[in-house]
Amino acid sequence: MGRRVAELRARRGMSQQAFADRLGKSKSWVDKIERGVRRLDRYSVFREIADVLRLDPDLLLGPRQPPPTAPSLDGIDAVRAALTRYHDRPQRTVTAQQASRQVAYAWMAYQHARYPQLLDALPTLLDATHGTRSLLASTYRITAAVLIKLDHPHLAWLTADRAVTAADGPTGTGTATIAVAQALRALGHHHLALTAALTATDTADDPAVRATLYLQAGLAAAGSGDRRNARDLLDHAAALADRHASDTDPYHTDPHHTGFGPAAVRVARFLAAHHLGDTSEAIHRHVHAIRSDGWRRLPPEHRAAHLVDAARAYLDTGDPAQAGQTLLHADRIAPAEVRSRPAARTLLAQVIQRGPAAADVARLATIVGLTRQP
């Protein structure tokens, strides 16, 4: 890893001193990293290095070519190109009913974390739903959600903003604002996410949509370190969950694709505790969440995403073995959540770096492309 950092730094034409200055570290620190004397074992530092070098974190991990399980950059470029077609859209070749079925299938694909396939389908879907506001707004929401997963939050924010513009009525605007809040949180703009979510709750007339906005607001508050507000907002979401939801099958009773229910609140409480630095409490809430009755009724994407977050919490407590097993659990539920997401791949690499990994964890790393077959 140190040699890889040195190679990429040299390609950027940066001296060790210039690189150290941009990181806010000493030249000695950089030299020790590049010589392998000091290990890169903190995710935040790893991301800072990637930001300074202006590259995707995966390039630090290798192999130099992305593994076949990861969505290609061409897929992102195709989505970006579809988003830029304002006036030169191809003639629609599907009916509104067909487009509606395609959107429903896209939601199902997202809930099962089929990100590579979904990424390939989105450009055509964006064209097919253009002109039908409700379908276009829903397609924008799906697109924003996938882009957040694949670590393109700026493009996700643009797409979520378009979802709000295309939305029809207070409920449509509220569901689109959920995507806006998620994108802003991914960008680290927690105060803006909090304001956007709370503003939309005033007009959202669907209980699940309003409750999900409170949930997003609570996570945004936690992200900004506002412990009291985070607790109060998540308590409010929990009260709405107890009143209006019962963790029934989200595929048939969730017309607005919020995934909301008591289990979603439990997962959010874990994430809020982790954001606030209460790692022990977060682990406790994680164990409680996955043992609850509603856990298996969450969509596979939601469950696997939570397990990736839980793996990060275990790593933060100095337990790479449990982090690795939790990633394996996520991979069994929704493989693309681990194999396609840059954040999950980085986390898996960190687990491997921490020391001898269990054979099944090492095998997963090999499948993902983080290590080579002997």
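Residues numbered from 1 in each chain as written. Predicted model: local features only at pLDDT ≥ 70, side-chain atom pairs only at ≥ 80, totals over all residues. Heavy atoms only, no water.

K.L.:
Can you help me understand the packing of aromatic side chains in this one?
P.N.:
What describes a pair of aromatic rings is the distance from one ring centre to the other and the angle between the planes of the rings. All told, the structure shown has two aromatic pairs when counted by the stated rule. Measuring from ring centre to ring centre gives 6.4 Å for W107 and Y110, while their planes differ by 85 degrees; the resulting arrangement is edge-to-face. Here Y110 and W107 lie together in helix α7 (residues 96–111), a separation of three residues that amounts to about one turn. In this pair, the class of W107 matches that of Y110, namely buried. With a centroid separation of 6.0 Å and an interplanar angle of 50 degrees, the aromatic rings of Y110 and Y115 are classed as tilted. The same class applies to Y110 as to Y115, namely buried. One aromatic cluster is present, formed by W107, Y110 and Y115 through successive ring pairs. Directly above the aromatic system of W29 lies the positively charged group of K25, at a separation of 5.1 Å from the ring centroid. (Phe/Tyr/Trp six-rings, centres within 6.5 Å; stacked < 30°, edge-to-face > 60°. Helix = DSSP H or I, 4+ residues; strand = E, 2+ residues; numbered from the N terminus. Buried < 20%, exposed > 50% of the residue type's maximum accessible area, 1.4 Å probe, protein only. Lys NZ or Arg CZ within 6 Å of the ring centre and 35° of its normal.)

K.L.:
I'm lost on the packing of helix α16 (residues 262–275) against helix α18 (residues 300–316) in this one. Help?
P.N.:
For any two helices packed against each other, the geometry is given by the interaxial angle and the distance between the axes. Where α16 meets α18, the closest approach of the two axes is 11 Å, and the angle between their N-to-C directions is 30 degrees. Looking at the two axes, α16 sits roughly parallel to α18. Note on packing geometry: the crossing formed by α16 with α18 is left-handed. Here α16 contributes A264, V267, F270, L271 and H274 to the contact with α18, which in turn contributes H302, H306, D309, A310, R312, A313 and D316. Considering only residue class, the contact of α16 with α18 consists of six nonpolar, three polar and three charged. (Axes fitted to C-alpha atoms, helices over the stretch in contact; angles between N-to-C directions. Parallel < 35°, antiparallel > 145°, perpendicular 65-115°, else oblique. Left-handed = near helix turned anticlockwise from the far one by under 90°. Contact = heavy atoms within 4.5 Å. Nonpolar A, V, L, I, M, F, W, Y, C, P; charged D, E, K, R; others polar.)

K.L.:
Just to check I follow, could you spell out the environment of R332 for this structure?
P.N.:
Mapped onto the fold, R332 is located in helix α19 (residues 320–333). Residue class for R332 comes out exposed when judged on its relative accessible area of 60%. Here the alpha-carbon distance between R332 and P300, two residues 32 residues apart in the chain, equals 9.8 Å.

K.L.:
Looking at this structure, I do not really get the side chain of T139. What am I missing?
P.N.:
Checked against the element boundaries, T139 lands in helix α9 (residues 133–149). A distance of 2.8 Å separates the side chain of T139 from the backbone oxygen of L135, its partner in a polar contact. (Polar contact = N/O pair within 3.5 Å; in protein donor to acceptor, adjacent residues only side chain to side chain.)

K.L.:
Before we go on, may I ask you to explain helix α2 (residues 16–23) in this structure?
P.N.:
For the α-helix, the turn length of 3.6 residues means that residues three or four positions removed from each other point alike. What α2 keeps buried is the set Q16, F19, A20 and L23. For α2, the angular spread of buried residues about the axis comes to 100 degrees, placing them on one side. Residues of α2 that are exposed and point over 90 degrees away from its buried face: D21 and R22. Positioned one or two residues after α2, G24 has a phi angle of 75 degrees, which is positive. (Arc of directions from axis to C-beta.)

K.L.:
I'm lost on the nonpolar core in this one. Help?
P.N.:
For soluble globular proteins, the rule of thumb is that nonpolar side chains tend to be buried together. By size, the foremost hydrophobic cluster in this structure holds 103 residues, and its most contacted members are L118, I142, V146, L215 and L348. Considering every element that reaches this core, the biggest residue donor is helix α13 (residues 207–223), with ten residues. Not counting the four nearest positions on each side in its chain, L215 is found in contact with L234, A237, F260, A264, V265 and A268. Within the second largest apolar cluster, 15 residues are counted, among which are V5, V30, V45 and I49. (Core = buried A, V, L, I, M, F, W, Y, C linked by side-chain atoms within 4.5 Å.)

K.L.:
Is there a simple way to think about unusual backbone geometry in this case?
P.N.:
It is generally the case that most residues other than glycine have a negative phi and that most peptide bonds are trans. Positive phi outside glycine occurs at A113, with the angle close to 60 degrees. With respect to the helices and strands, A113 occurs in the loop between α7 and α8 (115–128). A positive phi angle, near 65 degrees, is found at D151, a position not held by glycine. Along the polypeptide, D151 turns up in the loop between α9 and α10 (153–166). Given the relative accessible area of 28%, D151 is considered partly exposed.

So yeah, pure geometry; function would need other evidence.
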